[in-house]
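# Results of the structural survey
Each chain is listed here by its residues.
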Amino acid sequence: MKNKQNRKFPTALVVTAAVVLLALSVTFAGIFSNTVSISGLMSLSNFQASGNVYFTGVSDMAAYTDANGVRVSLNAADPNFIGNLRVDVQYDGSGVGLVRVRMIEEWSTVTGGVRTVKPFSIRVPYIVEDYGTAEGNAKKWFDNRENDYRFYYATAVYSAGAGTIPLVEGVDTDALDLEAIPDGTQLHVVIEADIVQVNRYPQYWGLTQLPWNAGVSATEEAL
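The following refers to the structure shown. (Residues numbered from 1 in each chain as written. Predicted model: local features only at pLDDT ≥ 70, side-chain atom pairs only at ≥ 80, totals over all residues. Heavy atoms only, no water.)

## Brief notes about the overall build of the chain
Convention followed: Helix numbering and strand numbering both begin at the N terminus, where a helix is a DSSP run of H or I of at least 4 residues and a strand a DSSP run of E of at least 2. The rule is simple: take the accessible area with a 1.4 Å probe, protein chains only, and divide by the maximum for that residue type; under 20% is buried, over 50% is exposed, in between is partly exposed. Note on definitions: a residue-residue contact is assigned when non-hydrogen atoms from the two residues lie within 4.5 Å. Note on areas: Shrake-Rupley, 1.4 Å probe, and residue coverage restricted to the protein chains presented here.
Helix and strand counts for the chain come out as three helices and 11 strands. Taken from N to C terminus, the helices and strands of the chain fall in the order α-β-β-β-β-β-β-β-α-β-β-β-β-α. Split into buried and exposed, the 223 residues of the chain put 34% on the buried side. Nonlocal contacts in the chain, meaning residues at least 24 apart in sequence, comprise 72% of its contacts between residues at least 6 apart. When the accessible surface of the chain is split by element, carbon and sulfur atoms take 52% of a total near 14,300 Å².

This is how it looks when you write it as C-alpha cells:
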C-alpha cells in the first residue's frame, strides 16, 4: 500500500504576497485615478475659434453666402466687392492658446447652369497687420500661406472668455489685376480658424516649431 503524503503549501508566504499585490494595486489605482486641479495661467478649457467673414456696409450676409462659402464680387459697384471684404477671428475659452487661420479661395465660372472651378493660382493681396521680418512674438499676423495656406497670430493669446482679433482689414485692389481675370468669374472664400492650448501645438498642428521668426510658445501675463 502506498503511503499518502500530505503536501504543505506555504500559506503564510502566499498570503503575504497577496497582501503586497493588493497594496500595489491600490497604490497604482490611486495614481491613475487622481484628478489634478490646475488653475491660473495653466487652466485648461475647450478652446473654440471661428472666422467671421463680412463686407463693410452689409448687414445681411445671407444674401452673399451659399454652400461654397462667402461669394465675393470683382465688380466695384457691388456691395460684396472684394475691396469691402473683412475677416475677424473670434475665440472663446479659458487659458493660453495659439491661433491660426486657413484662407481657402475658389475661383469659378457659371455657364449654361454648369459651374466650373478654375485652377487659378491668384494670390489675393489681403491687407493685414503683417508680422513682416520682425523677431520673436508680436501681436501681428505671420503670413505662412506659401507653406500651408495659413496665417498665424505671432503671439499667444490669454483668454478668460471671448475675444476678437482683426485679420483681413481690406484688399489691395491696385495690386490685384482684376482686368486679367475673365468676366463672369466668381470668387468664394472660406475661413477655417483654429486655436490650441499653447503647449499642445506640436501634437495638434504637427509642427516641431512655430513658423514665425524666433517664435516662442511661452507667454507672460500680469497677475
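## With respect to the environment of W212
Tracing the sequence through the fold places W212 in the segment after α3 (201-205). Residue classification places W212 among the buried residues on the basis of a relative accessible area of 2%. The sequence separation of W212 and N144 amounts to 68 residues, and the corresponding C-alpha distance is 8.2 Å. W212 has contacts with L98, Y131, G136, N137, F142, Y152, Y153, A154 and T155, leaving out every residue within four places of it along the chain.

## Some points on the pairing of strand β3 (residues 69-72)
What counts here: Here a strand pair is declared whenever DSSP counts at least two bridges between the two strands.
The sheet contact formed by strand β2 (residues 65-66) and β3 spans two bridges and is antiparallel. Its bridge partner lying in β3, D66 is registered against G69. Hairpin connection of β2 to β3: two residues between the antiparallel strands. Across three bridges, β3 lies against strand β11 (residues 186-197) in antiparallel orientation. Its bridge partner being in β11, R71 is matched across the sheet by H188.

## Some thoughts on the nonpolar core
Inside soluble globular proteins, nonpolar side chains tend to come together where they are buried. Where we set the bar: Joining through side-chain atoms within 4.5 Å is the link that ties buried Ala, Val, Leu, Ile, Met, Phe, Trp, Tyr and Cys residues into a set, and such a set is a nonpolar core.
Membership of the largest hydrophobic core comes to 37 residues, with the highest contact counts inside it found for I82, Y126, W141 and L167. For this core, the element with the highest residue contribution is β11, accounting for five residues. A138, F142, A154 and A156 belong to the second-largest nonpolar core, a separate cluster that totals 14 residues.

## Regarding the packing of aromatic side chains
The following threshold applies: Here is the rule: rings of Phe, Tyr and Trp (six-membered ring for Trp) pair when centre to centre is within 6.5 Å. Planes less than 30 degrees apart are stacked, more than 60 are edge-to-face, and the remainder are tilted.
Tallied over the entire structure, the rule returns four aromatic pairs. Note on F55 and Y64: the rings are 6.0 Å apart at their centroids and 80° apart in plane angle, and the pair reads as edge-to-face. Note on F55: relative accessible area 1%, which makes it buried. Here Y64 falls in the buried class, since its relative accessible area comes to 17%.

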